[in-house]
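Listed here are the chains, written in short residue letters.
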Amino acid sequence: MRNKHTLLLRNILNDPCELECAALILKNGGLVVFPTETVYGLGANAFDEDAAASIFKAKGRPGDNPLIVHILSIKDLSTVAKNIPSSALQLFETFSPGPFTIVLAKNKAVPAIVTAGLDTVAVRIPSHPIARLLLEKSGLPIAAPSANRSGRPSPTTFDMAVMEMKGRVDAIIDGGSCEVGLESTVVSIPDEQIKILRPGAVTEEMIRVVLGSKNPLIQEASGSHAKPSSPGMKYAHYQPKAPVYLAEHWKNVKVNKLFGDRKIGVIHLSFDIPPSENREQISFSSLADYAKNLYKTLVDLDQMGVEIIIAQAVEEKGIGRAIMNRLEKASGGKTV
Ligand code: TXA
Ligand code: MG
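1. Remarks on the domain arrangement of the protein
- Taken as a whole, the protein is organised into domain 1 (7-219) and domain 2 (244-331).
- One C-alpha centre belongs to domain 1, the other to domain 2, and the line joining them spans 29 Å.
- Across the contact, 24 residues belong to domain 1 and 16 residues belong to domain 2.
- Together, the buried faces of domain 1 and domain 2 total about 1,500 Å²; carbon and sulfur atoms form 63% of this surface.
- Between Arg321 and Glu204 there is a salt bridge, with the nearest N and O atoms lying 3.4 Å from each other.
- In this structure, the connection of domain 1 to domain 2 is made through seven residue pairs in polar contact (both at pLDDT 80 or more).
- Listed by contribution, the elements that provide at least two residues to the side of domain 1 that touches domain 2 are helix H6 (158-165) and helix H7 (204-211).
- Residues belonging to the side of domain 1 that touches domain 2 are distributed by class as follows: nine nonpolar, nine polar and six charged.

Here's what the structure looks like:
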């Protein structure tokens, strides 16, 4: 599928015609790629069954993987969800607008295709000004997965979004680089227990502070045998073309022995790597910088023609947990 004419909207914050146009496309059942504070989203009217179906087609996404529905504010929750527990409201009040999603009981106005037939719906209130303008102008809840083709790293820049979706969608909005760089934290609240289904920038530590000792917080079981309560977690994800390996330390001898003179890309925070002609090194200044630039770096390294990517493993604390979650999926657990 690569036949649509795609409008590139480069100036939406200053040009009211561009905003009008993007909102009209959504109202008419079209697809608009837009920036959020986490990653670029591939959006459609969440109440329009056919529009939602075209999201799955444009991404090549399996039909059993539900979409996140974006709304403007807490007061719009009842348009898409029902029976909202008080702990959900408390969490939304603390972390929204922002990189935070809660799975709630679905309101019947949301078509089954959006939630992949589940009776729950994942809801997020984004903070990015362009995402908010689009929600406001269209007056619609927007169903939007990340704007990558299925299995690939999520786009975090306009150029990446164009590379993934030009020819597959009606418009792509330029919002520069996404601030967070990794997808939102997803939580569910089965039986009043908060469960983190996908780690993100709103960390377990931050959620614990809000909940105090009132609600237990449980982590999604990981590993290939665990049954995921978030369908998306079972699929291969975030994978560039070159195979990714995780490394806790830089082991020069082992790397040379394993990969010989193949071209290697290294992503790291603190490795001390002897210079070599067939290596590209990208270093990050902090965990936030690592998160923000991870997907772009994976894609850049592919474009530089590296054959192997080695990424530094980080401590699974704070945003480090989200980085490791994505790297474990990108690497399929391979280490060096
Ligand atoms: O930051 C983000 O969340 C981005 C931006 C665009 O908002 N969106 C995003 O969507 O990452 P997506 O579709 O790539 O990931 C949504 C995740 C998937 O793992 C999906 O399985 C899970 O949320 N999910 C959606 N609805 C669910 C539901 N009803 N129950 C459990 N998990 C759900
Ligand atoms: Mg995704």
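From this point on, the discussion continues.
2. Observations regarding the packing of helix H4 (residues 86-95) against H7
- Put simply, H4 and H7 touch, their axes get as near as 10 Å, and they point 120° apart. The orientation of H4 with respect to H7, classified from their angle, is oblique. The chirality of how H4 crosses H7 is right-handed. Of the residues in H7, those touching H4 at Gln90, Leu91, Thr94 and Phe95 are Met206, Ile207, Val210 and Leu211.
- Grouping the constituent residues of the contact of H4 with H7 by class yields six nonpolar, two polar and no charged.

3. Regarding helix H9 (residues 287-303)
- Under the 1.5 Å per step criterion, the end-to-end length of H9 is 24 Å for 17 residues, consistent within 8% with the ideal 24 Å.
- Its maximal kink placed at Asn293, H9 deviates by approximately 50°.
- Those residues of H9 that fall on the buried side of the exposure criterion are Tyr290, Ala291, Leu294, Tyr295, Thr297, Leu298, Val299, Leu301 and Asp302.
- Where H9 is buried, its residues contact H6, strand E13 (244-247), strand E14 (264-268), strand E15 (279-283), strand E16 (308-312) and helix H10 (320-331).
- Positive phi appears at Gly305, one or two residues downstream of H9, with a value of about 80°.

4. Some remarks on the site of ligand 1
- In the vicinity of ligand 1 there are 26 residues, among which Thr38, Asn65, His70, Ser184 and Gly232 approach most closely.
- One of the side-chain N or O atoms of Arg124 is found 2.9 Å from an oxygen atom in ligand 1.
- In the environment of ligand 1, an oxygen atom lies 2.9 Å from a nitrogen or oxygen atom belonging to the side chain of Arg198.
- Alone, ligand 1 offers 680 Å² of accessible surface; in the complex the protein occludes 97% of this.

5. Quick word on empty space enclosed by the protein
- By the definition in use, this model includes one cavity of 30 Å³ or more.
- The computed volume of the largest cavity comes to approximately 50 Å³.
- Around the largest cavity sit Thr185, Ile196, Pro199, Gly200, Val202, Thr203, Glu204, Gly318, Arg321 and Ala322, which together line it.
- Of the residues contributing to the lining of the largest cavity, the split by class is four nonpolar, four polar and two charged.
- No fewer than three residues from each of domain 1 (7-219) and domain 2 (244-331) sit in the lining of the largest cavity.

6. Focus on the packing of aromatic side chains
- Counting across every chain of the model gives six aromatic pairs.
- With a centroid separation of 6.2 Å and an interplanar angle of 80°, the aromatic rings of Phe92 and Phe100 are classed as edge-to-face. Here Phe92 matches Phe100 in class, with each residue buried.
- Where Phe95 meets Phe100, the ring centres are 5.3 Å apart and the plane angle is 55°; that geometry is what we call tilted.

7. Re the sheet that holds E15
- Here four strands make up an open sheet; going across it, the order is E13-E16-E14-E15 and the pairing parallel. Of all strands in the sheet, those with a lone pairing partner are E13 and E15, marking the two edges. Mean inter-strand twist for the sheet, computed between neighbouring axes without regard to direction, equals 20°.
- Bridging between E13 and E16 involves four bridges; their strand directions are parallel. By the bridge assignment for E16, Ala247 is matched with Gln312.
- Across the sheet, helix H8 (residues 252-259) lies against E13, E14, E15 and E16, angled at about 160° from E16, the strand it touches most.
- Contacting E13, E14, E15 and E16, H9 runs over the sheet at an angle of about 175° to E14.

About the thresholds
Residues numbered from 1 in each chain as written. Chains lettered and ligands numbered in written order. Predicted model: local features only at pLDDT ≥ 70, side-chain atom pairs only at ≥ 80, totals over all residues. Heavy atoms only, no water. Domains from an automatic or database assignment. Contact = heavy atoms within 4.5 Å. Buried area = accessible area lost by both parts, 1.4 Å probe. Salt bridge = Lys/Arg side-chain N within 4 Å of Asp/Glu carboxyl O. Polar contact = N/O pair within 3.5 Å; in protein donor to acceptor, adjacent residues only side chain to side chain. Helix = DSSP H or I, 4+ residues; strand = E, 2+ residues; numbered from the N terminus. Nonpolar A, V, L, I, M, F, W, Y, C, P; charged D, E, K, R; others polar. Axes fitted to C-alpha atoms, helices over the stretch in contact; angles between N-to-C directions. Parallel < 35°, antiparallel > 145°, perpendicular 65-115°, else oblique. Left-handed = near helix turned anticlockwise from the far one by under 90°. Expected span 1.5 Å × (residues − 1). Bend = angle between axes of the 7 residues up to and from the residue. Buried < 20%, exposed > 50% of the residue type's maximum accessible area, 1.4 Å probe, protein only. Near = heavy atom within 4 Å. Areas by Shrake-Rupley, 256 points an atom, 1.4 Å probe, with all protein chains shown as cover. 1 Å grid on protein atoms, 1.4 Å probe; cavity = no way out; pocket = protein on both sides within 12 Å on 5 of 7 lines; lining within 4 Å. Points joined across faces, edges and corners; volume = space filled by probe spheres on them. Phe/Tyr/Trp six-rings, centres within 6.5 Å; stacked < 30°, edge-to-face > 60°. Pairing = 2+ DSSP bridges.

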